[in-house]
Amino acid sequence: MAELLPTIKSPEDLQNFTTAQLNQLAGEIREVLCNLVATRTAHFASNLGVVELCIALHRTFDFKQDRLIWDTGHQVYPHKLVTGRYDQFNTMRTKGGLMGYPNPSESPYDLFMTGHAGASVSTVMGLASGDYLAGHGDRHAVAVIGDGAFPCGMVFEALNNAKTLKGNLIIILNDNKMSICPRVGGVADYFDRLRMNPFYTGFKHEIVKALNMVPVFGDPTERFLAQLKEGVKAGLHGGMLFEELGVNYIGPIDGHNIPLLRKYLEMVKLQKGPTLLHVVTEKGHGYDPAAEDPVYYHTPPAICKPGDAKEEEKREGSKAYTNYARDAIAGAMRRNEKVTVLTAAMCQGTKMEPLRDEFGDRFFDTGICESHTVAFAAGQAKAGLRPVVNIYSTFLQRSFDQVFQEVALQDLPVVFTMDRAGITAADGPTHHGMYDVGYMRMFPNMIVMAPGDADELTAMIDFAVEADHPTAIRYPKTNAENIKRDRAPLELGKAEVLKRGQDGAVICYGAQLSEAKKAVELLSKDGLDITLVNARFVKPFDAETILPILRESPFVITVEEGALLTGFGSALLEEAADAGVDASHVKRLGIPDVFVQHGDRAEILAELQLDSLGIATVCRQLAGVERKVSSSH
Ligand SMILES: Cc1ncc(C[n+]2csc(CCOP(=O)(O)OP(=O)(O)O)c2C)c(N)n1
Ligand SMILES: CC(=O)[C@@H](O)[C@H](O)COP(=O)(O)O
Ligand SMILES: [Mg+2]
């Protein structure tokens, strides 16, 4: 039972806690985190790892004035607990409840709504700059960024700019040796070398002893710090990469020792100029199964007791679109040795660990560097390879310009398999994949498609790796079904008509096809005979099939799990306008011009009328069936 946590209404309540109480608080936070993931899937190992760091930060700074950004934001749960949200904590990631990321509408301690990695150093610099110009140069601005997020290009862009900053910038590098998967790349190796620093290994105890003799405030600390840093530099050139960029480097230090963290945080507060404090933590700290398998426990399914008979089953999961995509890519790689696959640190989410093992040198994990990934794939394509960029729709947004310049403009055969396209549910607005239809279809040369079911996804990937142009395929985070029908073979730019009727038409782009089909079946019980089209392609658009349906149908509904602005329905309206075809009877179902909040996927889709009942209801309204029924009474 938590004893201290319920008493904390704001971080000010931590100020009188003793070290023993702060340690007790750390234990209580971990217990609450464990209780949460027993009930639902949520970010776990990352949160366990930052408990002490979070407490020490809030004990040292006053974030009513000072600024704090947790990079990415998935490790923000302890912060939520100590900033007055303990009472609502059991609503985490449920509709209307707390968001799993920072959310300014929940608390003034959350400055930005985030979820994408790598922006923290830049935004914190902006805050520091604004505070300085507003005469609040005494405020401190702190970015906490993980070792996985650190290699993002944007972080280095910010570091490059940091020494020009007037204002106090503190970067806490939370180094737990992990991204979601084990971290990769040269920066990771560099952090490993920094850990070999005697500051962290051999001499650590000596340094801690010396620190204990140093008062926390005033000049002596600064002098001591300067000497200490010189000593470390002379020893192993630790942190020289940062020092050369004009950023003071301190560390690494143990991130699970609250008094030690406090001491160093007090010191960096006094430091002039941008400062990076390298803190070493363990992902999953305090819960052994998570510490031993932080990949699985990054976002484990609910009730993940080790040894749980169902655990293995959950690991593989039922067959989602993600699995079909993975298997189709694997098939293409087996058939054609020119096919490569690229991931930007999402090997686990895209279920590609088996591909990493099977295709060693044709599997590329670039880390959280989406822009680089796409330009890199373009280079591979130019060199004659057939790269597949397997990426979440929302994260591909980072590469908009590389999709334009390096891929589309050169007309290179890069395949984009865009996972999590649509409502991703509990992650919320930062993660829903809503915009890819628009940002892909606007570029010349692109072939842009969405499968209506599982086998179609396989067919599209097979088609894409043979295409001579860039291709994009979107699919959502859900289990994939196969729709029984006399399946039309996949043909470039051709829609599939599943059924013809005279009372109206439903044209579906993507995986809501099964819901659309159910709706059409429901409607036939009401006596409505509805045409059902599986659009397959938004580009090239099948005007030949679709425009006659527009002309002949009393109403037409387009269905897509994406933004209405720039989406499939918009493409249809553009085609109709260009061809002079009346489209005033077209109703578009999709995601309106709002940021959709987090919640249960089925619930959100139902609210958007993107399920069978919603589609059927709209059809009835357009067909006037309700009116007919009521007037017959
Ligand atoms: C731009 C972007 N790409 C990918 C992701 C997916 N993602 C979320 S957390 C994470 C790992 C981050 O590692 P790190 O920063 O070290 O934090 P840790 O989980 O280790 O605490 C990844 C790849 C993301 N959120 N944003
Ligand atoms: C923080 C982050 O961006 C990832 O952890 C994301 O939540 C993963 O999403 P999936 O659970 O859909 O793989
Ligand atoms: Mg990490």
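Here the structure is a predicted model, which is why all the values come from computation and not from measurement. Along each chain, the written sequence defines residue order, and numbers are assigned to residues from 1. The order in which chains are written sets their letters, starting at A; the order in which ligands are written sets their numbers, starting at 1. Where totals are concerned, whole chains, interfaces and linings use all residues; where local detail is concerned, this predicted model gives features only for residues with pLDDT of at least 70, and gives and counts side-chain atom pairs only at 80 or more. Just so you know, side-chain values use all the structure's heavy atoms and leave hydrogens and water out.

Moving on: the UniProt feature "binding site: Mg(2+)" (unreviewed entry) in the chain. UniProt positions are given in the numbering used here, feature names are shortened, and annotations may be inferred rather than shown by experiment. Here, the residues flagged by UniProt with the feature "binding site: Mg(2+)" (unreviewed entry) are Asp 147 and Asn 176. Spatial clustering of the annotated residues is evident: they stretch over 30 residues in sequence, but the largest pairwise C-alpha distance comes to 6.8 Å. By definition, any uninterrupted DSSP run of H or I lasting at least four residues is a helix, any uninterrupted run of E lasting at least two residues is a strand, and each is numbered from the N terminus. As for its placement among the helices and strands, Asp 147 is situated in the loop between β2 (140–146) and α6 (153–162). Partly exposed describes any residue whose relative accessible area lies between the buried limit of under 20% and the exposed limit of over 50%, with all areas from a 1.4 Å probe on protein chains only and scaled to the type maximum. Under the relative-accessibility criterion, Asn 176 is labelled buried at 11%. Apart from residues lying up to four places away in sequence, Asn 176 is in contact with Asp 147, Arg 195, Thr 281, Glu 282 and Lys 283. A contact between two residues is defined here by any heavy atoms of the two lying within 4.5 Å.

Our focus in this paragraph is the coordination of the magnesium ion (ligand 3). Six octahedral donors around a metal ideally make angles of 90 or 180 degrees; four tetrahedral donors ideally make 109.5 degrees. Taken together, the protein donors to the magnesium ion (ligand 3) comprise Asp 147 (OD), Asn 176 (OD1) and Met 178 (O), at separations of 2.0 to 2.1 Å. For the magnesium ion (ligand 3), the donor residues sit on a single chain with the sequence spacing D-x28-N-x1-M. In this pair, Asp 147 is assigned in the loop between β2 and α6 and Asn 176 in the loop between β3 (168–175) and α7 (186–195), connecting sequence segments 29 residues apart. Of the two residues, Asp 147 and Asn 176, both sit in the buried class. With water omitted from the atoms examined, metal sites may look incomplete; donors here are N, O and S atoms no farther than 2.8 Å from the metal, or 3.2 Å in the case of Na, K and Ca.

Moving on to the sheet that holds β2. Any two strands are treated as partners once DSSP identifies two or more bridges connecting them. The strand order β1-β2-β3-β5-β4 describes an open sheet built from five strands, whose pairing is parallel. Each edge of the open sheet is held by one strand with a lone partner, namely β1 (67–70) and β4 (248–254). Neighbouring strand axes in the sheet, compared pairwise and without regard to direction, differ in orientation by 15° on average. The sheet contact formed by β1 and β2 spans four bridges and is parallel. When the bridges of β2 are listed, Arg 67 appears paired with Ala 141. Throughout, an axis means a line fitted to C-alpha atoms (over the contacting stretch in the case of helices), and angles, computed between N-to-C directions, take values from 0 to 180 degrees. Taken strand by strand, helix α11 (residues 258–270) contacts β2, β3, β4 and β5 (275–280), and its axis lies near 170° from that of β4.

In this section: the site of ligand 2. Each residue is tested against the molecule or strand, and it is near if at least one of its non-hydrogen atoms lies within 4 Å. In the region of ligand 2, the neighbouring residues are His 43, His 74, Tyr 101, Gly 115, Ile 180, His 298, Tyr 392, Phe 395, Arg 420, Asp 427, His 431 and Lys 477. His 298 is positioned with one of its side-chain polar atoms (N or O) 2.8 Å from an oxygen atom of ligand 2. Between N or O atoms, a polar contact is any pair within 3.5 Å; within protein, one atom must be a potential hydrogen donor and the other a potential acceptor, and residues adjacent in sequence are included only when both atoms are from side chains. Arg 420 is positioned such that a nitrogen or oxygen atom in its side chain is 2.9 Å from an oxygen atom of ligand 2. Protein contacts shield 90% of the accessible area of ligand 2, which totals 360 Å² for the unbound molecule. Amino acid classes used here: Ala, Val, Leu, Ile, Met, Phe, Trp, Tyr, Cys and Pro are nonpolar; Asp, Glu, Lys and Arg are charged; the rest, including Gly, are polar. Along the lines of polarity and charge, the residues of the shell around ligand 2 split into four nonpolar, five polar and three charged. Only the protein chains shown count as cover for residues, and the accessible areas themselves come from Shrake-Rupley with a 1.4 Å probe.

Turning to the UniProt feature "binding site: thiamine diphosphate" (unreviewed entry) in the chain, a few remarks are in order. Per the UniProt record, the feature "binding site: thiamine diphosphate" (unreviewed entry) sits at His 74, Gly 115, His 116, Ala 117, Gly 148, Ala 149, Asn 176, Tyr 287 and Glu 370. Look at the named residues: they lie 297 residues apart in sequence, and the longest C-alpha span between them is 31.8 Å, so in the fold they stay spread out. Accessibility expressed as a relative area gives 10% for Gly 148, which makes it buried. In this structure, Tyr 287 sits in the loop between β5 and α12 (288–292).

Counting along an α-helix, one turn takes 3.6 residues, and residues three or four places apart therefore face a common direction. Taking 1.5 Å of rise per residue, the 14 residues of helix α5 (residues 120–133) would be expected to cover 20 Å, and the 20 Å separating its terminal C-alpha atoms lies within 8% of that figure. Buried residues of α5: Ser 120, Val 121, Val 124, Met 125, Leu 127, Ala 128 and Asp 131, and no others. In an axial view of α5, the angular spread of the buried residues amounts to 160°, which keeps them on one side of the axis. Buried residues in α5 make contact with β1, β2, α6 and β3. Gly 135, located one to two residues past α5, shows a positive phi value of around 85°. What a helix is expected to span follows from its residue count: subtract one and scale by 1.5 Å. Here the arc refers to the set of directions running from the helix axis out to each C-beta atom.

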